[in-house]
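# Working through the structure, step by step
Each chain, written out:
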Number of protein chains: 2
Amino acid sequence: MRIGELADRACVSTRALRYYEEQGLLRSSRTAGGQRVYPHSAEDRVRLIRELYTAGLTSRVIAELLPAIDARHVSPELLARLLDERARTKAKVAELQAAGQRLDALIALATHPDSDSCPATLDRAAAKSPAP
Amino acid sequence: MRIGELADRACVSTRALRYYEEQGLLRSSRTAGGQRVYPHSAEDRVRLIRELYTAGLTSRVIAELLPAIDARHVSPELLARLLDERARTKAKVAELQAAGQRLDALIALATHPDSDSCPATLDRAAAKSPAP
DNA sequence: CTAGAACTTGACGCCAACGTCAAAGGCAAA
DNA sequence: TTTGCCTTTGACGTTGGCGTCAAGTTCTAG
């Protein structure tokens, strides 16, 4: 398959695919004329790459990670980095959830106008704001 | 307190504090000489701002949010945006956790070398990779 | 064989949240 | 008063993951 079809299938732009190749995340063979050709497996490859990006990893880290996934072997240094990244993602999840609760409190404040008289909700919404 | 002390207390740079002010997120009074002066409450204010940033909100959204928090009143448009943002954070949490599990699988692969023979772990680590 | 869709490389653009340097002025202690 | 740190505005730099032309080439349907 060529780059356009892969882009459609994996729901990314062709620009992104070329960028992934440039970063060493994705390989391709070429036609006689120089156009990129991908195997069907490339679709899942791209989805994996996207998932790792979504996890907050950078191209550089992903580039180190993919060979380890393929080889099913993780070097000690990479393991250290993995532990580090995992900690980072866990922290990020916690932070996101905390902020999510703040948003929830604000939403509750908007959908239940009587929560104006509910100190607990307000405390959760803006714990340290100046009291009226 | 002046900008340096606030920066120390809230664990952000002075540059960030000036940026927040520029974006309308933080106010300050001035000395006769023009230096910024903050009340003690500014520390919590900055922490709140940081938390909202951490949640993936932009300056623009935060700038709309803060007055609503202060006034304890949320307009319908803002409510819609809040619901949107909350959905976004929830989706992000899910994505992060999915990627986190992938990292966990890789870590397991590194710390328990015999998991090479555990198809389930491998499936979780790289569900669609070509089989050896 | 030819039109035109899809593809190529190259290079600049973008955006957000600051970092960083510069030159100048403010402030407090001795 | 002087020393020396703190602060001011202004402006350019950075980073990442692409978007977006541009000008030229390749592929494929008819």
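Note that the structure is predicted; figures quoted are calculated from it, not measured. (Residues numbered from 1 in each chain as written. Chains lettered and ligands numbered in written order. Predicted model: local features only at pLDDT ≥ 70, side-chain atom pairs only at ≥ 80, totals over all residues. Heavy atoms only, no water.)

### Re the protein's contact with DNA strand C
Near DNA strand C you find 23 residues, and of these G4 and R36 of chain A together with S13, T31 and S59 of chain B are the closest. Between G4 of chain A and DNA strand C, the recorded distance is 2.7 Å, taken from a backbone N or O atom to a phosphate oxygen. One nitrogen or oxygen atom from the side chain of T31 of chain B is found 2.8 Å from a phosphate oxygen belonging to DNA strand C. Going through the elements one at a time, α1 (3-10) and α2 (14-22) of chain A together with α2 (14-22) and α3 (42-54) of chain B are the ones with two or more residues in the surface near DNA strand C. Among the elements that make up the surface near DNA strand C, the one with the highest residue count is α2 of chain B (four residues). In terms of residue class, the surface near DNA strand C is made up of six nonpolar, nine polar and eight charged. (Near = heavy atom within 4 Å. Polar contact = N/O pair within 3.5 Å; in protein donor to acceptor, adjacent residues only side chain to side chain. Helix = DSSP H or I, 4+ residues; strand = E, 2+ residues; numbered from the N terminus. Nonpolar A, V, L, I, M, F, W, Y, C, P; charged D, E, K, R; others polar.)

### A few points about the relation of the copies chain A and chain B
Once chain A is rotated about the relating axis by 180° and shifted along it by 0.0 Å, it coincides with chain B to within an RMSD of 0.1 Å. The symmetry that links the two subunits is that of a two-fold axis. Across chain A, the rotation axis passes nearest the C-alpha of V93 of chain A, at a separation of 2.8 Å. (Least-squares fit on C-alpha atoms with pLDDT ≥ 70 in both.)

### Some words on helix α3 (residues 42-54) of chain A
Residue and element names in this part refer to chain A. When the terminal C-alpha atoms of α3 are compared, their 18 Å separation across 13 residues agrees well with the 18 Å that a helix rising 1.5 Å per residue should span. Listing the buried residues of α3 in full gives A42, E43, V46, L48, I49, L52 and Y53. One or two steps after α3, the chain reaches G56, where phi turns positive at roughly 95°. (Expected span 1.5 Å × (residues − 1). Buried < 20%, exposed > 50% of the residue type's maximum accessible area, 1.4 Å probe, protein only.)

### Section: helix α1 (residues 3-10) of chain B
Residue and element names in this part refer to chain B. Of all the residues in α1, the buried ones are I3, L6, A7 and A10. The buried residues of α1 all sit within an arc of 100° when viewed along its axis, so they share a single face. Where α1 is buried, its residues meet α2, β2 (36-37) and α3. (Arc of directions from axis to C-beta. Contact = heavy atoms within 4.5 Å.)

### Comments concerning the packing of aromatic side chains
One pass over the structure, following the stated rule, counts four aromatic pairs over all chains. Members of the aromatic cluster, joined through ring pairs, are Y19, Y20 and Y53 of chain A. (Phe/Tyr/Trp six-rings, centres within 6.5 Å; stacked < 30°, edge-to-face > 60°.)

### What about the pattern of salt bridges?
All names here are of chain A. In the structure shown here, the tally under the stated rule is 24 salt bridges over all chains. Linking E43 and R47 is a salt bridge whose minimum nitrogen-to-oxygen distance equals 3.0 Å. Taken as a pair, E43 and R47 lie in helix α3 at a separation of four residues, close to a single helical turn. Salt bridges sharing common partners tie together E5, R9, E43 and R47. (Salt bridge = Lys/Arg side-chain N within 4 Å of Asp/Glu carboxyl O.)

### So, the nonpolar core
Ranked by size, the top nonpolar core spans 38 residues in total, and within it L17 and Y20 of chain A carry the most contacts. Among the secondary structure elements, those contributing two or more residues to this core are α1, α2, α3, α4 (59-71) and α5 (76-111) of chain A together with α5 (76-111) of chain B. The residues touching L17 of chain A, leaving out its near neighbours within four places in the chain, are I3, L6, A7, V12, L26, Y38 and V46 of chain A. V46, V61, A68 and V74 of chain B belong to the second-largest nonpolar core, a separate cluster that totals 34 residues. (Core = buried A, V, L, I, M, F, W, Y, C linked by side-chain atoms within 4.5 Å.)

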